[in-house]
Amino acid sequence: MEPRNNVTYFVLLGLTQDPKEQKVLCFMFLLFYILTVVGNLLIVLTIALSKTLGSPMYLFLANLSFMDVTYSSCISPRLISTLFFGENTISFHSCMTQLFMEHLFGGSEVFLLLVMAYDRYVAICKPLHYLVIMRQWVCVVLLVVSWIGGFLHSVIQVSTIYGLPFCGPNVIDHFSCDMYPLLELVCTSTHVIGLLVVANGGMICTIVFVFLLISYGVILHSLKNLSPEGKRKALQTCGSHITVVVFFFVPCIFMYARPAKTFYIDKSLSVFYTVITPMLNPLIYTLRNSEMTNAIKKLWGSLGLKLLSFVHDLLLTFTCFV
């Protein structure tokens with residue numbers, strides 16, 4: 001199906017038009033992207049090579065880190081290139097490809113976080129049956145279902161907008177191709193399309209988020225039956241998961257669980273869950289997880305831990321500066 005439009009490329013306005021601010025942002029996002037890639041790949045390689053991290057939780061964590069790297073790579077390299085070189089045009093088909101890829105990995109991550117919550121529920125609430133329920137083939141099926149869910153979500157999003165008529169203008173007030181900024185350029189009524197986007201994006205995020213909060217509430221309630229040591233480990237793990245869930249879902253719900261309209265804050269929120277959150281996840285999952293930190297130290301020596309500590313201190317400094 002060919003799109004019915006006169007537009008062959010789009011112009012991305014980006015985050016700012018000030019050249020000095022662009023250079024500062026370029027350096028900042030380049031640093032963030034490097035830390036995202038290094039931190040998440042460190043987790044993937046550590047879990048793949050370590051003999052002590054064989055539980056399903058770490059299999060899911062490795063996949064989450066891989067998704068974070070690829071999800072960020074859909075956005076950050078082009079954003080950095082645009083800020084540095086000033087080339088802010090993107091072809092129509094490249095725009096649709098970027099849209100597909102970011103929703104593929106973002107959608108898959110939504111379902112994977114749901115799988116990880118189920119894994120923690122079984123591990124904490126049904127510990128004697130954990131190895132029976134979370135067998136290897138079950139984990140593989142859950143991962144495949146997560147990827148299929150993200151793929152179907154992305155296909156629906158892209159097919160919804162691909163055939164719409166773009167008659168001009170072609171200027172997108174954003175730093176990447178996303179649904180609502182693109183819908184503003186469509187030269188036809190987008191009311192029904194907007195409802196479909198809400199159903200396929202915002203409603204899924206909201207339902208999954210509510211389900212996650214309920215599941216973690218049940219898990220935390222069941223901690224009273226554990227020993228002090230078991231309670232401490234469960235709180236560490238669940239605390240990390242809940243932090244990631246909140247950081248990821250709250251901006252997504254605000255972005256997609258609403259009518260098809262853009263706001264000034266949208267670009268800042270998009271930066272948070274496409275650039276900042278993938279960088280924070282390795283820190284959230286490793287610095288409070290003794291098994292991960294021990295495995296990193298054993299495989300990579302003190303270099304891996306020093307790297308994570310450096311990133312942590314850098315983020316604290318940046319937060320205080322901001």
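Since this is a predicted model, take the numbers as computed values, not measurements.

Reading the values: the criteria
Residues numbered from 1 in each chain as written. Predicted model: local features only at pLDDT ≥ 70, side-chain atom pairs only at ≥ 80, totals over all residues. Heavy atoms only, no water. Helix = DSSP H or I, 4+ residues; strand = E, 2+ residues; numbered from the N terminus. Buried < 20%, exposed > 50% of the residue type's maximum accessible area, 1.4 Å probe, protein only. Areas by Shrake-Rupley, 256 points an atom, 1.4 Å probe, with all protein chains shown as cover. Phe/Tyr/Trp six-rings, centres within 6.5 Å; stacked < 30°, edge-to-face > 60°. Expected span 1.5 Å × (residues − 1). Polar contact = N/O pair within 3.5 Å; in protein donor to acceptor, adjacent residues only side chain to side chain. Lys, Arg positive; Asp, Glu negative; His and termini not counted. Salt bridge = Lys/Arg side-chain N within 4 Å of Asp/Glu carboxyl O. Contact = heavy atoms within 4.5 Å. Disulfide = S-S within 2.5 Å. Pairing = 2+ DSSP bridges. Axes fitted to C-alpha atoms, helices over the stretch in contact; angles between N-to-C directions. Patch = residues over 30% accessible without salt bridge, like charges linked within 9 Å, V, L, I, M, F, W, Y side chains within 5 Å. Parallel < 35°, antiparallel > 145°, perpendicular 65-115°, else oblique. Left-handed = near helix turned anticlockwise from the far one by under 90°. Nonpolar A, V, L, I, M, F, W, Y, C, P; charged D, E, K, R; others polar. Core = buried A, V, L, I, M, F, W, Y, C linked by side-chain atoms within 4.5 Å.

Focus: the overall build of the protein
Counting its regular elements, the protein contains 11 helices and three strands. Traced from its N-terminal end to its C-terminal end, the protein shows the element sequence β-α-α-β-α-α-α-β-α-α-α-α-α-α. Residues counted as buried form 51% of the 322 residues belonging to the protein. In the structure as shown, the protein presents an accessible area of about 15,500 Å², 71% of it carried by carbon and sulfur atoms.

Quick notes on the packing of aromatic side chains
By the definition in use, this model includes 13 aromatic pairs. A centroid spacing of 6.2 Å and a plane angle of 50 degrees characterise the contact between Tyr 180 and Tyr 256, whose relative ring orientation is tilted. Of this pair, Tyr 180 sits in helix H6 (residues 179-183) while Tyr 256 is found in helix H8 (residues 228-256), placing the two residues 76 residues apart along the sequence. Of the two residues, Tyr 180 and Tyr 256, both sit in the buried class. With a centroid separation of 5.8 Å and an interplanar angle of 25 degrees, the aromatic rings of Phe 209 and Phe 249 are classed as stacked.

Let's talk about helix H3 (residues 92-125)
Taking 1.5 Å of rise per residue, the 34 residues of H3 would be expected to cover 50 Å, and the 49 Å separating its terminal C-alpha atoms lies within 8% of that figure. Within H3, 24 of the 34 residues are buried, which leaves the element mostly enclosed by the surrounding structure.

Some points on helix H1 (residues 19-49)
In this model H1 runs 44 Å from its N-terminal to its C-terminal C-alpha over 31 residues, within 8% of the 45 Å that 1.5 Å per residue would give. Taking the backbone nitrogen of Lys 20 as reference, a side-chain oxygen 2.9 Å away marks Asp 18 as the first, capping residue of H1.

A word on the side chain of Glu 109
Turning to its location among the elements, Glu 109 is positioned in helix H3. Here Glu 109 sits buried without a salt bridge, and the closest side chain of opposite charge, Arg 120, lies 16 Å off (N-O distance). In this structure Glu 109 touches Leu 64, Met 67, Asp 68, Phe 248 and Asn 281, once residues within four positions along its chain are discounted.

Some thoughts on the state of the cysteines
A full pass over the atoms with the stated rule returns one disulfide. Disulfide partner of Cys 95: Cys 177, at an S-S distance of 2.0 Å. Between Cys 95 and Cys 177, the S-S torsion sits near -130 degrees, and that sign places the bridge as left-handed. One end of the pair, Cys 95, is in helix H3; the other, Cys 177, is in the loop between strand E3 (171-172) and H6, and 82 residues separate them in sequence. Summarising the burial analysis for this pair, Cys 95 and Cys 177 share the class buried. Cysteine Cys 252 shares no disulfide, and the gap to the nearest cysteine sulfur, in Cys 205, comes to 4.9 Å. Here Cys 252 falls in the buried class, since its relative accessible area comes to 5%.

Points about the sheet that holds strand E2 (residues 89-91)
Reading across the sheet, the three strands line up as E2-E1-E3 and stay open at both edges, with mixed pairing between neighbours. Two strands lie at the open edges of the sheet, namely E2 and E3, each paired on one side alone. Contacting strand E1 (9-12), E2 and E3, H3 runs over the sheet at an angle of about 85 degrees to E2.

Here's the deal with the environment of Val 245
Tracing the sequence through the fold places Val 245 in helix H8. When the C-alpha positions of Val 245 and Leu 114 are compared, they lie 9.3 Å apart, and in sequence the two are 131 residues distant. Among all residues touching Val 245, those that are not within four sequence positions of it are Phe 209, Leu 212, Tyr 216 and Val 250.

A word on a nonpolar patch on the surface
Residues Val 140, Val 144, Ile 148, Phe 151, Leu 152 and Val 155 make up a contiguous nonpolar surface patch of roughly 490 Å² in combined accessible area. Mapped onto the fold, Val 140 is located in helix H5 (residues 136-162). Of the residues examined, Val 140 reaches a relative accessible area of 42% and is grouped as partly exposed.

Re the packing of H1 against helix H9 (residues 266-286)
In the contact formed by H1 and H9, the axes pass within 9 Å of each other and the chain directions differ by 40 degrees. Regarding the angle of H1 to H9, the classification is oblique. For the element pair H1 and H9, the recorded crossing hand is left-handed. Mapping the contact onto sequence places Phe 29, Phe 32, Leu 35, Thr 36, Gly 39, Asn 40 and Ile 43 in H1 and Val 271, Val 275, Ile 276, Pro 278, Met 279, Pro 282 and Thr 286 in H9. The residue makeup of the contact of H1 with H9, split by class, is 10 nonpolar, four polar and no charged.

Points about the pairing of E1
Pairing of E1 with E2 involves three bridges; the strand directions are antiparallel. For Tyr 9, the partnering residue across the bridge sits in E2 and is Ser 91. Of the pairings in the sheet, the one linking E1 to E3 comprises two bridges and is parallel in character. Each residue of the ladder has a partner; that of Val 11, found in E3, is Val 171.

Side note on the nonpolar core
Across soluble globular proteins, you tend to see nonpolar side chains buried next to one another. Grouped together as the largest cluster of nonpolar side chains are 68 residues, with contacts concentrated most on Phe 29 and Phe 249. Apart from residues lying up to four places away in sequence, Phe 29 is in contact with Leu 15, Leu 79, Ile 80, Leu 83, Val 271 and Val 275. By size, the runner-up hydrophobic cluster in this structure holds 24 residues, among which are Phe 92, Leu 99, Tyr 162 and Leu 164.

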